[in-house]
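Topology and contacts: notes
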Amino acid sequence: MKNTFTVAGVMGWPVAHSRSPIIHNHWIHQHHLKGAYALFPVNPLRLEAAIRGLQALGLAGCNITIPHKVEAMQHVDWIDPLAKRMGAINTIVVQADGALHGYNHDGFGYIASLREAQPSWQPNAGAIVVLGAGGAARAIVVSLMDQGAQDIRVLNRTFGKAQDLAYEFGSVVTAYDWDERHEAISDCVLLINTTSLGMHGQAALEIELSQLPRAALVSDAIYVPLETPLLAQARARGHTTVNGLGMLLHQARPAFHAWFDVMPDVTAELRQAVIATL
Ligand code: NAP
């Protein structure tokens, strides 16, 4: 008998803070679908068993969040080439034959959030500075390259990780020392923070924007708080700013489409529903 009640969810450890249930359950309700999206706290030692259980339980798939995004790649049957380049998956889709396919939509979400904030945004308009070289940075760098960016400067506290990205992704990506951040931004058109600095409970990112060109766009992958000290400083100087909420909301769209067969929109109502929980 075909299961007409579609279930998906998110695996993380811890996972109680995830806003994904609000997003997906909002769309399920909006589109009058039969289904539910749940939180799955999965101990790292049980990740393989949990992922392999998706098919047995009849789930449509799940999102994968911290700390499982890299390890989960070991436990699926096929990985989208884009996710392979990013080195992590954030979505699993159970196929009709039971095979588990892994995807990463973080970069899609990031680019969509940029275009939403500035529809005229052009990827090759000038230098792009990426602060950080972790998972979010990898997803964003790969997506910027695929959009046509020509000059991406990666700066990271641990310089070796920035160098690894430059080596892996070729001449479009250059590693700069963390202490060179003020020179690096002096002629850039887009500045992106992908470090955890500025997040609720963390120290602020130490950066002075006086050398940043006036027209530069400033974005932060963080969404708690919605306005990080970096974005507050940028806004005060008159820059267009983009917070991490758009990335979070937009990355959810292709996963929802794969599981529920409806491509949902990011509406003001959805945005408000998530902001109310921050
Ligand atoms: P990650 O892989 O752990 O990377 C963390 C990054 O932050 C690394 O580059 C790390 O540098 C840097 N960092 C941490 N503490 C630092 C410090 N005290 N000084 C300087 N740099 C520091 O984490 P991630 O998954 O990339 O996530 C990074 C941020 O993006 C988080 O705030 C996360 O919430 C956000 N994010 C948002 C979305 C969204 O949908 N909006 C999606 C994914 C992630 P080292 O290499 O030197 O340790």
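Remember, it's a predicted structure, so these values are computed and weren't measured experimentally. (Residues numbered from 1 in each chain as written. Predicted model: local features only at pLDDT ≥ 70, side-chain atom pairs only at ≥ 80, totals over all residues. Heavy atoms only, no water.)

Focus: the packing of aromatic side chains
The description of an aromatic ring pair rests on the distance of the ring centres and on the angle between the ring planes. One pass over the full model with this rule turns up 4 aromatic pairs. When the ring of Phe256 is compared with that of Phe260, the centres are 4.5 Å apart and the planes differ by 25°; the resulting orientation is stacked. Of the two residues, Phe256 and Phe260 are both situated in helix H9 (residues 245-260); the distance of 4 residues between them amounts to about one turn of the helix. Three or more aromatic residues joined by ring pairs make a cluster, and in this case those are Trp27, Phe256 and Phe260. (Phe/Tyr/Trp six-rings, centres within 6.5 Å; stacked < 30°, edge-to-face > 60°. Helix = DSSP H or I, 4+ residues; strand = E, 2+ residues; numbered from the N terminus.)

Observations regarding the sheet that holds strand E5 (residues 91-94)
Strand order in the open sheet formed by 6 strands is E2-E1-E3-E5-E6-E4, with mixed pairing between adjacent strands. Bordering the open sheet on either side are strand E2 (35-41) and strand E4 (78-79), each of which pairs with just one other strand. Examined bridge by bridge, strand E1 (residues 6-12) and strand E3 (residues 61-64) share 4 bridges and lie parallel to one another. Following the sheet pairing, Val10 is matched in E3 by Asn63. (Pairing = 2+ DSSP bridges.)

Some details on a negative patch on the surface
Among the surface-exposed residues, Asp177, Asp179, Glu180 and Glu183 lie close enough to one another that they form a single negatively charged patch. Inspection of the secondary structure puts Asp177 in strand E9 (residues 173-177). For Asp177, a relative accessible area of 32% corresponds to the partly exposed category. (Patch = residues over 30% accessible without salt bridge, like charges linked within 9 Å, V, L, I, M, F, W, Y side chains within 5 Å. Areas by Shrake-Rupley, 256 points an atom, 1.4 Å probe, with all protein chains shown as cover. Salt bridge = Lys/Arg side-chain N within 4 Å of Asp/Glu carboxyl O. Lys, Arg positive; Asp, Glu negative; His and termini not counted. Charge placed at Lys NZ, Arg CZ, Asp CG, Glu CD. Buried < 20%, exposed > 50% of the residue type's maximum accessible area, 1.4 Å probe, protein only.)

Observations concerning helix H6 (residues 159-169)
The complete set of buried residues in H6 reads Ala162, Leu165, Ala166 and Phe169. The arc enclosing the buried residues of H6, seen along the axis, measures out at 95°, which places them on a common side. Among the residues trailing H6, Gly170 stands out with phi positive, at a value near 90°. (Arc of directions from axis to C-beta.)

Note that all results are geometric; they support no functional claim without further evidence.
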